[in-house]
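Okay, here's what each chain looks like letter by letter:
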Amino acid sequence: MNESNNFVFSEDVSIEDLGQGVTRQILGYNEELMVVKVWFDTGAEGYVHSHPHSQVTYVESGEFDVNVGGEIKQLKAGDSFYIPPYVEHGAVCKRAGILLDTFSPVREDFLKQS
């Protein structure tokens with residue numbers, strides 16, 4: 001398993017265009033932990049899905065309607081949410097913004113795509 005450098009400079013890390021107004025940048029990671037920065041345009045959607053990883057997400061900017069296990073709340077800059085493993089979740093961006101996703105363990109599927 002790879003791991004990131006100890007210091008990660010955003011200008012040195014590629015940004016992936018995931019389409020439909022969503023882009024992603026993989027930041028620091030090792031086998032047990034990963035941080036990912038995700039930009040959303042207004043109206044962009046992180047479709048409802050689930051995965052075996054624990055996830056905590058911090059809303060850096062913007063406004064999002066976030067669905068965790070069927071419960072929907074509106075979150076804004078400074079808010080965060082936790083998603084247990086295998087719980088369905090998604091988000092709709094109401095005002096363009098950035099989410100910082102933290103996963104445990106690492107999202108190996110993200111590394112294979114980048």
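Below, the structure is looked at part by part. A quick note: this is a predicted structure, and the numbers were derived from the prediction, not measured. (Residues numbered from 1 in each chain as written. Predicted model: local features only at pLDDT ≥ 70, side-chain atom pairs only at ≥ 80, totals over all residues. Heavy atoms only, no water.)

**What to know about the side chain of arginine 107**
Stage number 1. Turning to its location among the elements, arginine 107 is positioned in the loop between β8 (89-104) and α1 (108-113).
Stage number 2. Classification of arginine 107 as buried rests on a relative accessible area of 8%.
Stage number 3. Contacts of arginine 107, omitting those with residues within four sequence positions, involve Met34, His51 and His53. (Helix = DSSP H or I, 4+ residues; strand = E, 2+ residues; numbered from the N terminus. Buried < 20%, exposed > 50% of the residue type's maximum accessible area, 1.4 Å probe, protein only. Contact = heavy atoms within 4.5 Å.)

**Topic: the packing of aromatic side chains**
Stage number 1. Summed over the entire model, instances satisfying the criterion amount to 2 aromatic pairs.
Stage number 2. An angle of 80 degrees between the planes, with centres 5.3 Å apart, marks the rings of phenylalanine 40 and phenylalanine 64 as edge-to-face. Within this pair, whereas phenylalanine 40 is found in strand β3 (residues 34-40), its partner phenylalanine 64 is found in strand β5 (residues 54-68), the two being separated by 24 residues in sequence. Considered together, phenylalanine 40 and phenylalanine 64 belong to a single accessibility category, that of buried residues.
Stage number 3. Between arginine 24 and the ring centre of phenylalanine 110, over which it is positioned, the NZ or CZ distance is 3.9 Å.
Stage number 4. If you follow arginine 107 out to its NZ or CZ, it ends over the ring of phenylalanine 103, 5.2 Å from the centre. (Phe/Tyr/Trp six-rings, centres within 6.5 Å; stacked < 30°, edge-to-face > 60°. Lys NZ or Arg CZ within 6 Å of the ring centre and 35° of its normal.)

**Some thoughts on the pattern of salt bridges**
Stage number 1. The tally for this structure, following the rule as stated, stands at 5 salt bridges.
Stage number 2. For glutamate 63, the salt bridge identified is with arginine 95, shortest N-O distance 3.6 Å. On the criterion of sequence distance, the pair formed by glutamate 63 in strand β5 and arginine 95 in strand β8 is long-range, its members being 32 residues apart.
Stage number 3. The closest approach of N and O atoms between glutamate 71 and lysine 73, which form a salt bridge, is 3.6 Å.
Stage number 4. The exposure class assigned to glutamate 71 is partly exposed, which follows from its relative accessible area of 48%.
Stage number 5. Given a relative accessible area of 49%, lysine 73 falls into the partly exposed group. (Salt bridge = Lys/Arg side-chain N within 4 Å of Asp/Glu carboxyl O.)

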